[in-house]
Amino acid sequence: QVQLVESGGGLVQTGGSLRLSCATSGFSFTTYAMGWFRQAPGKEREFVAAITSSGGSTYYADSVQGRFTISRDNTKNTLYLQLNSLKPEDTAVYSCAARRGPVQSRVVLINPYSYASWGQGTQVTVSS
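Note that the structure is predicted; figures quoted are calculated from it, not measured. (Residues numbered from 1 in each chain as written. Predicted model: local features only at pLDDT ≥ 70, side-chain atom pairs only at ≥ 80, totals over all residues. Heavy atoms only, no water.)

1. With respect to the nonpolar core
Right, on to step 1. Core analysis: the biggest nonpolar cluster contains 38 residues, and Met 34, Trp 36, Leu 79, Leu 81 and Tyr 94 have the highest contact counts within it.
Right, on to step 2. When residues of this core are traced back to their parent elements, those giving at least two are strand S3 (18–25), strand S4 (32–39), strand S5 (46–51), strand S6 (58–60), strand S7 (68–73), strand S8 (78–83), strand S9 (92–100) and strand S11 (122–127).
Right, on to step 3. Not counting the four nearest positions on each side in its chain, Tyr 94 is found in contact with Glu 6, Leu 20, Trp 36, Phe 37, Arg 38, Val 48, Phe 68, Leu 81, Leu 83, Gly 121, Thr 122 and Val 124. (Core = buried A, V, L, I, M, F, W, Y, C linked by side-chain atoms within 4.5 Å. Buried < 20%, exposed > 50% of the residue type's maximum accessible area, 1.4 Å probe, protein only. Helix = DSSP H or I, 4+ residues; strand = E, 2+ residues; numbered from the N terminus. Contact = heavy atoms within 4.5 Å.)

And the structure:
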């Protein structure tokens, strides 16, 4: 059974940092591309960052480029998202997602419909 469990969210002031984790089980983590998405109240889910199965390529939304860093530890079957220089507009529920295969295409990895498995999400709130 595929499971993705996010943690690390919380309340932080503008300019602060958080590190999100996504612990996975039930599938071969090293053969899956992974992504982070977020959804704010009243808004559609949006792409944040993605990483290929090997970790060799990463992609970011323009809004988080230079502030967020996606990484993975294939020995721990865990995905991470380091959030720095947080802004109030980063407030959202952050979810991790998994897609099977050695996908390299940015066009594919930024599309939430490309992912078959999702975690329940963790809330990030940035106060001004």
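2. Thoughts on the pairing of S5
Right, on to step 1. Along S5, five of the six residues are buried, which leaves the element largely enclosed by surrounding structure.
Right, on to step 2. Judged from the five bridges that link them, S4 and S5 form a sheet pairing that is antiparallel. Looking at the pairing, Phe 37 lines up with Phe 47 of S5.
Right, on to step 3. From the end of S4 to the start of S5, which pair antiparallel, there are six residues, and Gly 42 there has a positive phi angle of about 80°.
Right, on to step 4. Strand direction decides the pairing type here: S5 and S6, joined by three bridges, are antiparallel. Across the sheet, residue Ile 51 finds its bridge partner in S6, namely Thr 58.
Right, on to step 5. Here S5 folds back onto S6 in antiparallel fashion, the turn holding six residues, of which Gly 55 has a positive phi close to 85°. (Pairing = 2+ DSSP bridges.)

3. A look at the sheet that holds S7
Pairing between the strands of a sheet is mediated by backbone hydrogen bonds and can be parallel or antiparallel.
Right, on to step 1. The strand order across the open sheet formed by four strands is S1-S3-S8-S7, and the pairing between neighbours is antiparallel. Of all strands in the sheet, those bounded by a partner on one side alone are strand S1 (3–7) and S7. Adjacent strand axes in the sheet meet at a mean angle of 15°, parallel and antiparallel pairs treated alike.
Right, on to step 2. When S1 meets S3, the two strands line up antiparallel, connected through five bridges. Counted as the bridge partner of Ser 7 is Ser 21 from S3. (Axes fitted to C-alpha atoms, helices over the stretch in contact; angles between N-to-C directions.)

4. Topic: the packing of aromatic side chains
Right, on to step 1. Enumeration over the complete set of coordinates arrives at six aromatic pairs.
Right, on to step 2. Here Phe 27 and Tyr 32 contribute two aromatic rings whose centre-to-centre distance is 4.5 Å and whose plane-to-plane angle is 55°, an arrangement assigned as tilted.
Right, on to step 3. Classification of Phe 27 as buried rests on a relative accessible area of 13%.
Right, on to step 4. A residue is classified by how much of its surface remains accessible, and Tyr 32, at 13% relative accessible area, is buried.
Right, on to step 5. Aromatic ring contacts, followed pair by pair, group Phe 37, Phe 47, Tyr 115 and Trp 118 into a single cluster.
Right, on to step 6. Here Arg 19 stacks its cationic end above the ring of Tyr 80, 4.0 Å away from the centre of that ring.
Right, on to step 7. Over the face of the ring belonging to Trp 118 we find Arg 45, whose NZ or CZ atom lies 3.9 Å from the ring centre. (Phe/Tyr/Trp six-rings, centres within 6.5 Å; stacked < 30°, edge-to-face > 60°. Lys NZ or Arg CZ within 6 Å of the ring centre and 35° of its normal.)

5. Regarding the side chain of Asp 90
Right, on to step 1. Here Asp 90 is to be found in the loop between S8 and S9.
Right, on to step 2. When sequence neighbours within four positions are dropped, the list of residues in contact with Asp 90 reads Arg 38, Arg 67, Phe 68, Ser 85, Val 124 and Val 126.

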